[in-house]
Amino acid sequence: MTKQIVCADAGMDCSFVVQSESEDELVEMVTLHGEHQHDVEMEKNDIRDLIKPA
Ligand SMILES: [Zn+2]
């Protein structure tokens, strides 16, 4: 099953959406996105809470 994380769900004014079947991959990509685009370090547990079915 494909899952997704929507950056706006983290409270960002941002249209970034990432989809993957791997939760680890989602967390990794959002971690990098947060650091590069928003200059924030997000907790992996917080990122996992944002995972939803795509
Ligand atoms: Zn973003």
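- An unreviewed UniProt entry lists the chain under the name Small metal-binding protein, with Halobaculum gomorrense as the source organism.

**Remarks on the environment of His 36**
- By the element assignment, His 36 lies in helix 1 (residues 23-38).
- Judged by relative accessible area, which is 60%, His 36 ranks as exposed.
- Spatially, the C-alpha atom of His 36 lies 20 Å from that of Ser 20, the residues being 16 residues apart in sequence.

**Re the nonpolar core**
- Membership of the largest hydrophobic core is limited to eight residues, which are Ile 5, Val 18, Leu 26, Val 27, Val 30, Ile 47, Leu 50 and Ile 51.
- Top element by residues in this core is helix 1. It accounts for three residues.
- Beyond its immediate sequence surroundings of up to four residues, Ile 47 is in contact with Ile 5, Val 27, Val 30, Thr 31 and Met 42.

**Some remarks on the side chain of His 33**
- Following the sequence through the fold, His 33 ends up in helix 1.
- When sequence neighbours within four positions are dropped, the list of residues in contact with His 33 reads Cys 7, Cys 14, Phe 16 and His 38.

**Here we look at the sheet that holds strand 3 (residues 52-53)**
- Strand order in the open sheet made by the three strands is 2-1-3, with antiparallel pairing throughout. In this open sheet, the two edge strands, each paired with only one partner strand, are strand 2 (17-20) and strand 3.
- Relative to strand 2, strand 1 (residues 3-6) runs antiparallel, the two sharing four bridges. Residue pairing across strands places Val 6 opposite Val 17, the latter belonging to strand 2.
- Strands in contact with helix 1 are strand 1 and strand 2; relative to strand 2, the strand with the most contacts, it is inclined by about 155 degrees.

**Digging into the coordination of the zinc ion**
- Cys 7 (SG), Cys 14 (SG), His 33 (NE2) and His 38 (NE2) make up the full set of protein donors to the zinc ion, lying at 2.0 to 2.3 Å.
- In this structure, the zinc ion is coordinated by four donor atoms arranged in tetrahedral fashion, with angles at the metal of 105 to 113 degrees.
- Site description for the zinc ion: donor spacing in sequence, C-x6-C-x18-H-x4-H. With a gap of 31 residues between them, Cys 7 in the loop between strand 1 and strand 2 and His 38 in helix 1 connect regions that are remote in the sequence.
- A relative accessible area of 8% means that Cys 7 is categorised as buried.
- Among the residues examined, His 38 registers a relative accessible area of 24% and is labelled partly exposed.

What counts and how
- Starting afresh in each chain, residues are numbered from 1 along the sequence in its written order.
- pLDDT decides what is reported in this predicted model: residues at 70 or higher carry local features, side-chain atom pairs at 80 or more are listed and counted, and totals for whole chains, interfaces and linings draw on all residues regardless.
- Side-chain calculation: all heavy atoms of the structure are included, whereas hydrogens and water are not.
- Numbering of helices and strands runs from the N terminus, with a helix taken as a DSSP run of H or I at least four residues long and a strand as a DSSP run of E at least two residues long.
- Buried, partly exposed and exposed residues are distinguished by accessible area as a fraction of the type maximum, computed with a 1.4 Å probe on protein chains only: under 20%, between the cut-offs, and over 50%, respectively.
- In this description, a nonpolar core means a group of buried Ala, Val, Leu, Ile, Met, Phe, Trp, Tyr and Cys residues linked to one another through side-chain atoms lying within 4.5 Å.
- The contact rule is simple, with two residues in contact once any of their heavy atoms fall within 4.5 Å.
- Pairing between strands is defined by DSSP: at least two bridges between them are needed.
- Convention adopted: a line fitted to C-alpha atoms gives each axis, helices being fitted over their contacting stretch, and angles between N-to-C directions are expressed from 0 to 180 degrees.
- For Na, K and Ca the donor cutoff is 3.2 Å, while for all other metals N, O and S atoms count as donors only within 2.8 Å; water does not appear among the atoms, so some sites may look incomplete.
- In these descriptions, tetrahedral denotes four donors with every angle between 85 and 135 degrees, square planar four donors and octahedral six donors with opposite donors over 155 degrees apart and the rest between 65 and 115, and irregular any other case.

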